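# Geometric and topological summary
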Amino acid sequence: MSDPTGTMDGLSARTSEPSRTRHLSLSRQDKTRAVPKDKVAEGTVKKSDKPSYGLKFFREKLQMTPFGRRFDPSRDTGTVVGPYRVIADKNRGVEPGFVALKDWTPKDTAKLSTPGHAFSVRADAFLDRGMHPWSGSHAVRSEAAKYLAARDPSVGFRPGKDDPFHFISRNPDLKAEVYGALKSSERVFPALKKHVMDNEKKFNTRHYVKLDYREAQGSGRGEERTYTLPKSNAKSFGFGAIGKFFHQMARRQTPDAINRDAMRESLANDLMSRFGIFAQKMKLVPTVYQPPNGPPVPKLLLDGTHMSGRNGEKFSDFEGAIVGGPRNGQLVELGEDGKPVKNARGHYEVDTSIREMGRNKIFMLLLGDRDAIGSKGGNKGRVGNEFAAIDPGHSLETGGQNLMARKDIRSDMSFEQPSIFDGKCYKNFSIFDQSPFSERMEGVKELARLSKTNEDVAVFREYAATFGKDNPGLDFSGQIGEMEKAYLSRREHILDVFGDRLAVYDFDFSGVRSPMTPETAQRNTLDVLDALEKISSEHSWMSGNTELEYPMVKNRTEWQVKEQGDTLEFRAEGVGRSARRQLENFVAAQTPNGRYTIVEDNGSLVLRIPKADIGQAHGDFSMTALKRQDRVPV
């Protein structure tokens, strides 16, 4: 049943799964898995140790003076607005904005005297060098001597005779006191501040602040005033000036609509962090519109920074690394020139180097953002070998297509496409499928954990508390409530669909032999379950011109697994004759010693494997074995 042509749409194809009613009854084995809605409404939400990063400036009660103009290098370089020093115009993306570095604030001054803080440690090292008798700073040494001379005579410092460096060395208890005075000295502080700003990452990280719509592109009065893109930012779509005009018209919005989208994007970004995804640092920046014909109106900007890894690895989006999109695109190996390379057979090969890639798929589906990856891969990427998330722009949308309301996810993590048009479909979610099913289930497992603690719901509650009735002009409580309700419904849908597979994590594998662990046995069970589906279903090892490590499936045969004492029982109902023959041929060819027997039971196919043998079965029912069976190069 292998299809070497690669013409299948493995994501959008209908499956032969049993009726949903019966499936839901299986998924309710653990009645405590989903938190009851009435409990959520009562506010039984575990507060996270880490508050939502996107609300940082609201917790600090920042109110920034607006910038709101096209950057002019001769006039605006170094202009300070709130905590920023503006250095350039934002030239990526269509939304207007500016590029800035962080400016020094009174909080930074306080950090200089906070023991153990990076600023304090760096400042102390600066003062150590400045105090040196031969290579030090005249200003530092003279200010230290001046301070010591003004101290109580009992200190014993003799001006003109004692060197401040040697004196402090003999009296180390005085060092912190003297350095504290130097950090606030009018002569020393400017050089100290410059040294810290020149060397600390905080002051040298570029911040890309977007949604700074300008009054020059505003029209109308009062609450009806709207804003659009500057002509320089609008796209022509190949139609020149008239194309730009229509793009500007289509993007004309009220401040309220712009602010709501900014809040939603920030909330979704914080949710991704709460899921354990490496997400961009993004926060809301409160400022104001200043219309010429009315009072100031609240304005929310979004501040994002470049992502980097623990060892300085740079962020790279997936654009250029995905081929065959936008429905079933694959992430492929790149050459030294950064372009996809073909193997000796003239095919692309999938890139499986990103750690725990599959884990992220369920979260992308959960947020209902069909453009999460992007038609070319520009909305997500990697930092080293770690999946990195940016731009959750369409997440949690409850209008229009309203993907949050759809019950479109299946228990193999495929889904029903919401439209026949590519532009309205989930784009390139297939990149997550080149990973073991057990890896993809790790995301579902984490979601089940969150359903018990509601740490994810805590994000909605934080935003609702910030944008409520006591925040004039920014009361988004109704919208946030709608998003939370839609989110909980979709979360429950996912946990219902995967209920029988989540039950595997409760199987008793305490009797497995070393070096096998219960956790490994759980993962192996899930992978064997997935392998049985692929073996007994029509499948293809090619996606366009890309060779796959895990085949795409069409006309899926759904399997389920239960534990029966010391045995695992894998069962598929309503299996056709050809699917059974495919499975029997595989078992006969790949396990000729008769280790496994396929039996019929009330119209179902059943395979029973002793728990102690699940490690062996994981190798026997592997993708490598299936490739051999299908005569596909390994």
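Look a little higher up for the structure.
Residues numbered from 1 in each chain as written. Predicted model: local features only at pLDDT ≥ 70, side-chain atom pairs only at ≥ 80, totals over all residues. Heavy atoms only, no water.

### Some details on the environment of Pro 133
Quick reminder of the rule: Where helices and strands are cited, they refer to DSSP runs of H or I of at least four residues and of E of at least two residues respectively, numbered from the N terminus. Whether two residues are in contact is decided by their heavy atoms, any of which lying within 4.5 Å being enough.
Along the polypeptide, Pro 133 turns up in the loop between helix H6 (118–130) and helix H7 (138–150). Between the alpha carbons of Pro 133 and Ala 241 there is a distance of 68 Å; along the sequence they are 108 residues apart. Apart from residues lying up to four places away in sequence, Pro 133 is in contact with Arg 141, Asp 163, Phe 165 and His 166.

### Re the pattern of salt bridges
Once their charged atoms are close, side chains differing in charge can pair, the charge on each being opposite to the other. Stated formally: One side-chain nitrogen of Lys or Arg within 4 Å of one carboxyl oxygen of Asp or Glu is enough to make a salt bridge. Type-normalised accessible area, obtained with a 1.4 Å probe on protein chains alone, sets the label of each residue: buried when under 20%, exposed when over 50%, and partly exposed for intermediate values.
Per the stated rule, a full pass over the model turns up 57 salt bridges. A salt bridge links Asp 162 to Arg 158; the nearest nitrogen and oxygen atoms lie 3.0 Å apart. On the basis of relative accessible area, Asp 162 is assigned to the buried category, the value being 11%.

### A closer look at H7
Inclusion rule: For a helix, the expected span equals 1.5 Å multiplied by the residue count minus one. Counted as a polar contact is a pair of N or O atoms within 3.5 Å, where, for protein atoms, one must be capable of donating a hydrogen and the other of accepting one, and residues adjacent in sequence contribute only when both atoms are in side chains.
An ideal rise of 1.5 Å per residue puts 18 Å on 13 residues; H7 measures up with 18 Å between its terminal C-alpha atoms. Residues of H7 that are buried in the fold lie against H6, helix H8 (164–170) and helix H9 (175–183). Its side-chain oxygen at 3.3 Å from the backbone nitrogen of Ala 139, Ser 137 defines the N-terminal cap of H7.

### A few points about the sheet that holds strand E21 (residues 604–610)
As a reminder, the rule being used: Note on pairing: two strands pair once DSSP finds at least 2 bridges between them. Interaxial angle, 0 to 180 degrees, is taken between N-to-C directions of lines fitted to C-alpha atoms, where a helix line uses only the stretch in contact.
Sheet architecture is open: four strands sit in the order E18-E19-E21-E20, paired in antiparallel fashion. In this open sheet, the two strands that pair with only one neighbour each are strand E18 (559–564) and strand E20 (598–601). The sheet shows a mean angle of 30 degrees between the axes of neighbouring strands, taken without regard to direction. Relative to E21, strand E19 (residues 567–573) runs antiparallel, the two sharing seven bridges. By the bridge assignment, Thr 567 is partnered in E21 with Pro 610. Here helix H18 (residues 518–535) sits on the sheet in contact with E18, E19 and E21, set at roughly 140 degrees to E18. Relative to the sheet, helix H19 (residues 577–590) contacts E18, E20 and E21, its axis offset from that of E20 by approximately 150 degrees.

### Notes on the environment of Glu 563
By the element assignment, Glu 563 lies in strand E18. Each C-alpha atom of the pair Glu 563 and Ser 113 lies 61 Å from the other, and the pair is 450 residues apart in sequence. Ignoring any residue separated from it by four or fewer positions in sequence, one finds Glu 563 in contact with Asp 506, Phe 507, Asp 508, Leu 568 and Lys 611. Here Asp 508 takes part through its backbone nitrogen, which lies 3.1 Å from a polar atom of the side chain of Glu 563. Separated by 2.6 Å, the side chains of Glu 563 and Lys 611 make a polar contact.

### Considerations on unusual backbone geometry
With the exception of glycine, most residues fall at negative phi, and the peptide bonds are largely trans. Between Gly 325 and Pro 326 the backbone carries a cis peptide bond, its omega angle lying at 5 degrees. Here Ser 514 and Pro 515 are connected by a cis peptide whose omega angle stands at 10 degrees. For Pro 515, the position within the fold is in the loop between helix H17 (499–502) and H18. Residue Glu 356 is not a glycine yet carries a positive backbone phi of 55 degrees. When you line up the elements, Glu 356 lands in the loop between strand E13 (348–349) and helix H13 (361–366). Residue classification places Glu 356 among the partly exposed residues on the basis of a relative accessible area of 41%. Backbone geometry places Asn 454, a non-glycine residue, at a positive phi of 60 degrees. Looking at the secondary structure, you find Asn 454 in the loop between helix H14 (437–453) and helix H15 (455–466).

### Some words on the sheet that holds strand E3 (residues 97–102)
As summarised here, the arrangement of the six strands in space is E1-E2-E3-E4-E9-E8, forming an open sheet in which the pairing is antiparallel. At either margin of the open sheet sits one strand with a lone partner, and together these are strand E1 (80–81) and strand E8 (282–289). In this structure, strand E2 (residues 84–89) lies alongside E3, joined through five bridges in antiparallel fashion. Counted as the bridge partner of Val 86 is Ala 100 from E3.

### Details of H9
We apply this condition: As used here, the arc is the angular range of directions from the helix axis to the C-beta atoms.
Along H9, the residues classified as buried are Val 178, Tyr 179, Leu 182 and Lys 183. The arc enclosing the buried residues of H9, seen along the axis, measures out at 140 degrees, which places them on a common side. Looking at the buried positions of H9, the neighbouring elements they touch are H6, H7, H8 and helix H10 (189–199).

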